[in-house]
Amino acid sequence: MRTQPNNFQHQPLPPASVRKPMLLGAAIGLVLISFFLLGAGEPAPEWPRLWWVRPLGVVPAAGALGGLFYSIMDPVRRKGGWRTALAYIASLWVFFLVLWLGTVLGLAGTMWD
């Protein structure tokens, strides 16, 4: 009797399972940087005229990367037990780290000086 090989581990993630966390991460980044920029007040005269464009692009992109990491950790979360808790903690930690780095990169030279 022939058995079929288990190729489940080598299947790519379905696009929808990656897209949703990435969009959610980008939305969180956009909302956070928008609140930060709206409360910024008047820009310094030495800043470029469209200084706010870079943070509005970089921070949501960083949030999307954090959402991508969450998607990549999905197989670990499905194993159950302590691995699930560790995967959630790692996903949250990486998301905030990437979002913070994106904020620093987006605001470098203007508000983050």
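Residues numbered from 1 in each chain as written. Predicted model: local features only at pLDDT ≥ 70, side-chain atom pairs only at ≥ 80, totals over all residues. Heavy atoms only, no water.

Caption draft 1: Representation of the confidence of the model for the protein chain within the structure. Summing up the model confidence of the protein chain, the mean pLDDT is 87 and the portion of residues at 70 or higher is 85%. Confidence scores differ between elements of the protein chain, with helix 3 (residues 74-77) showing the lowest mean pLDDT of 88 and helix 2 (residues 53-72) the highest of 95. (pLDDT = per-residue confidence, 0-100. Helix = DSSP H or I, 4+ residues; strand = E, 2+ residues; numbered from the N terminus.)

Caption draft 2: Region of the structure containing helix 4 (residues 82-107). Here helix 4 is 26 residues long and its end C-alpha atoms lie 37 Å apart, about the 38 Å a rise of 1.5 Å per residue gives. Listed in full, the buried residues belonging to helix 4 are T84, A87, S91, V94, F95, L99, G102, T103, G106 and L107. G109 occupies a position one or two residues after helix 4 and carries a positive phi of about 90°. (Expected span 1.5 Å × (residues − 1). Buried < 20%, exposed > 50% of the residue type's maximum accessible area, 1.4 Å probe, protein only.)

Caption draft 3: Inspection of the layout of surface pockets at higher detail. The calculated volume of the second largest pocket comes to roughly 200 Å³. Looking at the second largest pocket, the residues that line it are K20, P21, L24, G25, I28, G66, G67, Y70, Y88, S91, L92 and F95. Secondary-structure elements contributing two or more residues to the lining of the second largest pocket are helix 1 (15-38), helix 2 and helix 4. For the lining of the second largest pocket, the element with the most residues is helix 1, which contributes five residues. (1 Å grid on protein atoms, 1.4 Å probe; cavity = no way out; pocket = protein on both sides within 12 Å on 5 of 7 lines; lining within 4 Å. Points joined across faces, edges and corners; volume = space filled by probe spheres on them.)

Caption draft 4: Fine view of the packing of aromatic side chains. Scanning all chains against the criterion turns up three aromatic pairs. Seen from their ring centres, Y70 and Y88 are 6.4 Å apart, and the 45° between their planes marks the pair as tilted. Pair noted here: Y70 is in helix 2 and Y88 is in helix 4, with a separation of 18 residues, a long-range link. Classification of Y70 as partly exposed rests on a relative accessible area of 33%. Measuring from ring centre to ring centre gives 5.7 Å for F95 and F96, while their planes differ by 65°; the resulting arrangement is edge-to-face. Note on F95: relative accessible area 11%, which makes it buried. Since its relative accessible area comes to 48%, F96 is described here as partly exposed. The ring of Y70 carries the charged tip of R77 above its face, separated from the ring centre by 3.8 Å. Its end group placed over the ring of Y88, R77 keeps NZ or CZ at 5.4 Å from the ring centre. (Phe/Tyr/Trp six-rings, centres within 6.5 Å; stacked < 30°, edge-to-face > 60°. Lys NZ or Arg CZ within 6 Å of the ring centre and 35° of its normal.)

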